[in-house]
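Spelled out from the first residue to the last, the chains are:
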Amino acid sequence: MPRPLHRGVSGIRVSGNSNDFWDAEVKDKTEKEDLDRNHSSSQSFLSLRSPFRFFFQDNSPPKYGITENGFTADPFGGGTPRSRHRLTMLFLKLSLVVIVILALTGSFWWTISISTSSRGHIFRGYRRLQEQLVSDLWDIGELSLGPSRLKEIEFCSEEFENYIPCFNVSENVALGYSDGNEYDRLCGHGSRKSCLVLPPVNYKIPLRWPTGKEVIWVANVKITGQEVFSSGSLTKRMMMLEEDQISFRSASLMFDGVEDYSHQIAEMIGLRNESNFIQAGVRTILDIGCGYGSFGAHLFSKQLLTMCIANYESSGSQVQLTLERGLPAMIGSFNSKQLPYPSLSFDMLHCARCGVDWDKKALIFPNFNVLSSVGKMCATDGIFLIEADRVLKPGGYFVWTSPLTNVHTFLRDKEKQKRWNFVRDFAENLCWELISQEDETVVWKKTNKKSCYSSRKPGSCPPICSKGQDVESPYYRPLQNCIGGTNSRQWVPIEERATWPFRSNLNKNELELYGLHSEELLVDTANYKTAVRNYWSLLSPLIFSDHPKRPGDEDPSPPYNMFRNVLDMNARYGGFNAALLEAGKSVWVMNVVPTTGPNYLPLVLDRGYIGVFHNWCEAFPTYPRTYDMVHADGLLSLETSQYRRCTMPDLFMEIDRLLRPEGWVIIHDKAPLIESARALTVQLKWDARVVEIESNSDERLLICQKPFFKRQATS
């Protein structure tokens, strides 16, 4: 059980000046010595002294300086008390050097003579003393510096309240990007702002989950009442409540019919209803151009996880509103680059009027072609479908709802019919089976067998990616005009995988695909179970006592409703996610695998969780005020173990941008790094506590809460 860390500050007493003692001692020695003996002794002593000039500062008076009596010193007078004083001091310095050499020699022989176990014990003791010294020096420094010890980071101006680094459209236009590329992700060295993003003027703490899934505060997002009333598509239909709230009625037929729509998709696959998606092997869904997340919100109650991705929009719609509802979402587009997901990541891809022209070329490669296996040129038409195929698991489903697929529509429009024929034929070349078409909705099923690709007509496009092209976990790499994922060891049809929730506990054979043993996953799971219990024992008193309920709120009953979503910045095997679910916490976790560490993201996704590959030296692709909790276990050690172009302040300012007001941060790492992080919390204006870990004296916990700073309305 962790306990709060209390430190005392050791007092330091500086002793008085010791020169008086030496002066008195020298004055007592007044015996005269022979001048020649004095001179020879002095010369021999100085010849010994010279090798140690580097270690000892020569404080002797200048040769031709002024004495303290006001007379010029005689450079040839060697028998004066002053000369004997100098000789005595030199002799003492030489004696000290000899003692140090003897001590070091003895220490060396003693060190190599002790046993290995003793050395380990001494090293651990030294580490504890070293870390305590760092801690004490920091505390002393804080006391000595007082109020001016650290300069707090300033708040950003109002124009940055919805700011997302790497997605600055005006800067991209200035760089010459256009035709849609100005909305793409471009991370440069100047993309970050060294300030803290404040919420809008009338921002309010979101309603507790699950109420907050259906009702949000309109002031928390960048959308106007007129935009709300003008929304009319399947996933965007909303209503206003009392002018300051937006209501999403995803389960009501009179508003958007999402329940009927999801039921229709299930029947097209051959299932009784959407509750049977799990039995068909579907657990994770990528919803492209998700509107406001209504499709995922409805399926959330069916134990299905839907990740919403959509292009960056300066108005903040789609992704921002979905996140405000507490649902999984991030900015992502097919414009020019591959998505930061591994190949074979999702069980289903969904696109309901998502705005993607699946028959078009990539924006950045208008003239790019590749050769097929027989030398035939393959154009980039349909390259977005190739990327969709890459992230879809074998046996997974691609659901597309669009007026383009309506037979009655394209019979009257030859151009639409041409486009539909291209998509249909291209999907067949991808080895997708068209299993159902009804009204405006089409459902394809990706092949289970790799042999399908070799059975295509010779020279079929697109070709299979070579091993060099088929990167398992690309990080915003340019779109590839070849079929990826076929070289992956994780090529396992969804029907052959265990269904949820058994899927989260991978068996021995499945773990071997990732180079892991069952014992490693068991140890990881056990550690995070303990960690979650400890976290909640620390946070519960703070949330329900130190930070009592807000006016108008009822006390939530633990362990529910404390958080809706969690960002795990160093997910490893997804153990924190698994422990939260097993403990019955009503949350979902965005599992982030850093590009600087081991890549276990395919393992995380195969366990039925959602996650993304990310470089923490760059901004996370999401709007501000996204997560209720940020968790980082070992991330500081990972990021500081190698030369990085980013700094710890950059990382912590990004955490502050992602965190909701009154949100929590839990950082677990080595003691010296935690102390450095604690210093940054002062600059960020966070409330912070350092907590010892009884089972490990080398590590600490840093528990922080971000205060709710309200922006003042400008007159």
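- Labelled according to an unreviewed UniProt entry, the chain appears under the name Methyltransferase, originating from Gossypium gossypioides.
- Under the Sequence similarities (unreviewed entry) heading, UniProt states for the chain: "Belongs to the methyltransferase superfamily."

### Here's the deal with the packing of aromatic side chains
Reasoning step 1: A complete count under the given rule lists 28 aromatic pairs for this structure.
Reasoning step 2: Judged by centre distance (6.1 Å) and plane angle (35°), the ring pair of Trp420 and Trp444 falls under tilted. Placement of the pair is Trp420 in helix H13 (residues 414–429) and Trp444 in strand E13 (residues 441–446), with a sequence separation of 24 residues.
Reasoning step 3: For Trp420, a relative accessible area of 3% gives the class buried.
Reasoning step 4: Judged by relative accessible area, Trp444 falls into the buried class, the value being 2%.
Reasoning step 5: Taking 4.9 Å as the distance between ring centres and 70° as the angle between the ring planes, the aromatic pair formed by Tyr475 and Tyr476 counts as edge-to-face.
Reasoning step 6: The exposure class of Tyr475 is partly exposed, given its relative accessible area of 22%.
Reasoning step 7: The class for Tyr476 is buried, based on a relative accessible area of 14%.
Reasoning step 8: Chaining the aromatic ring pairs together yields one cluster made of Trp358, Phe398, Trp400, Trp420, Trp432 and Trp444.

### Observations regarding helix H8 (residues 258–269)
Reasoning step 1: Taking 1.5 Å per residue as the helical rise, H8 with its 12 residues ought to reach 16 Å, and the 17 Å between its terminal C-alpha atoms agrees with that figure.
Reasoning step 2: Three or more residues of H8 are buried, namely Val258, Tyr261, Ser262, Gln264, Ile265, Ala266, Met268 and Ile269.
Reasoning step 3: Where the residues of H8 are buried, they touch helix H9 (294–300), strand E8 (346–352), strand E11 (392–401), strand E12 (432–438) and E13.
Reasoning step 4: One or two steps after H8, the chain reaches Gly270, where phi turns positive at roughly 105°.

### So, the sheet that holds E12
Reasoning step 1: Ordered in space as E7-E6-E5-E8-E11-E13-E12, the seven strands form an open sheet in which the pairing is mixed. Both edges of this open sheet fall to strand E7 (329–331) and E12, since each of them pairs with a single strand only. Ignoring strand direction, the axes of neighbouring strands in this sheet form an average angle of 20°.
Reasoning step 2: Strand contacts of helix H11 (residues 383–391): strand E5 (284–288), E8, E11, E12 and E13, with the helix running at about 135° to E11, the strand carrying the most contacts.

### Structural notes on the environment of Thr447
Reasoning step 1: Along the chain, Thr447 turns up in the loop between E13 and helix H14 (451–454).
Reasoning step 2: Remark: the alpha-carbon pair of Thr447 and Trp432, spanning 15 residues in sequence, is separated by 5.8 Å.
Reasoning step 3: Those residues in contact with Thr447, other than ones at most four positions away along the chain, are Pro394, Gly395, Cys431, Cys452, Tyr453 and Trp491.
Reasoning step 4: A polar contact is formed between the side chain of Thr447 and the backbone nitrogen of Lys449, at a distance of 3.1 Å.

### What to know about the side chain of Arg456
Reasoning step 1: The residue Arg456 is located in the loop between H14 and helix H15 (508–512) in this model.
Reasoning step 2: There is no salt bridge for the buried Arg456, and the closest opposite charge comes from Asp389, which lies 8.9 Å off by N-O distance.
Reasoning step 3: At 2.8 Å, the side chain of Arg456 forms a polar contact with the backbone oxygen of Asn429.
Reasoning step 4: One polar contact links the side chain of Arg456 to the main-chain carbonyl oxygen of Pro462, over a distance of 2.9 Å.
Reasoning step 5: Discounting chain neighbours no more than four positions away, the residues touching Arg456 are Asn429, Cys431, Cys461, Pro462, Pro463, Ile464 and Ile483.

### Remarks on the state of the cysteines
Reasoning step 1: Tallied over the entire structure, the rule returns six disulfides.
Reasoning step 2: Between the sulfur atoms of Cys351 and its disulfide mate Cys354 the distance is 1.9 Å. Its S-S torsion of about -75° marks the bond between Cys351 and Cys354 as left-handed, since a negative value means left-handed. In terms of burial, Cys351 and Cys354 fall into one category: buried.

What counts, and at which threshold
- Residues numbered from 1 in each chain as written.
- Predicted model: local features only at pLDDT ≥ 70, side-chain atom pairs only at ≥ 80, totals over all residues.
- Heavy atoms only, no water.
- UniProt positions renumbered as here; feature names shortened; annotations may be inferred.
- Phe/Tyr/Trp six-rings, centres within 6.5 Å; stacked < 30°, edge-to-face > 60°.
- Helix = DSSP H or I, 4+ residues; strand = E, 2+ residues; numbered from the N terminus.
- Buried < 20%, exposed > 50% of the residue type's maximum accessible area, 1.4 Å probe, protein only.
- Expected span 1.5 Å × (residues − 1).
- Contact = heavy atoms within 4.5 Å.
- Pairing = 2+ DSSP bridges.
- Axes fitted to C-alpha atoms, helices over the stretch in contact; angles between N-to-C directions.
- Polar contact = N/O pair within 3.5 Å; in protein donor to acceptor, adjacent residues only side chain to side chain.
- Lys, Arg positive; Asp, Glu negative; His and termini not counted.
- Salt bridge = Lys/Arg side-chain N within 4 Å of Asp/Glu carboxyl O.
- Disulfide = S-S within 2.5 Å.

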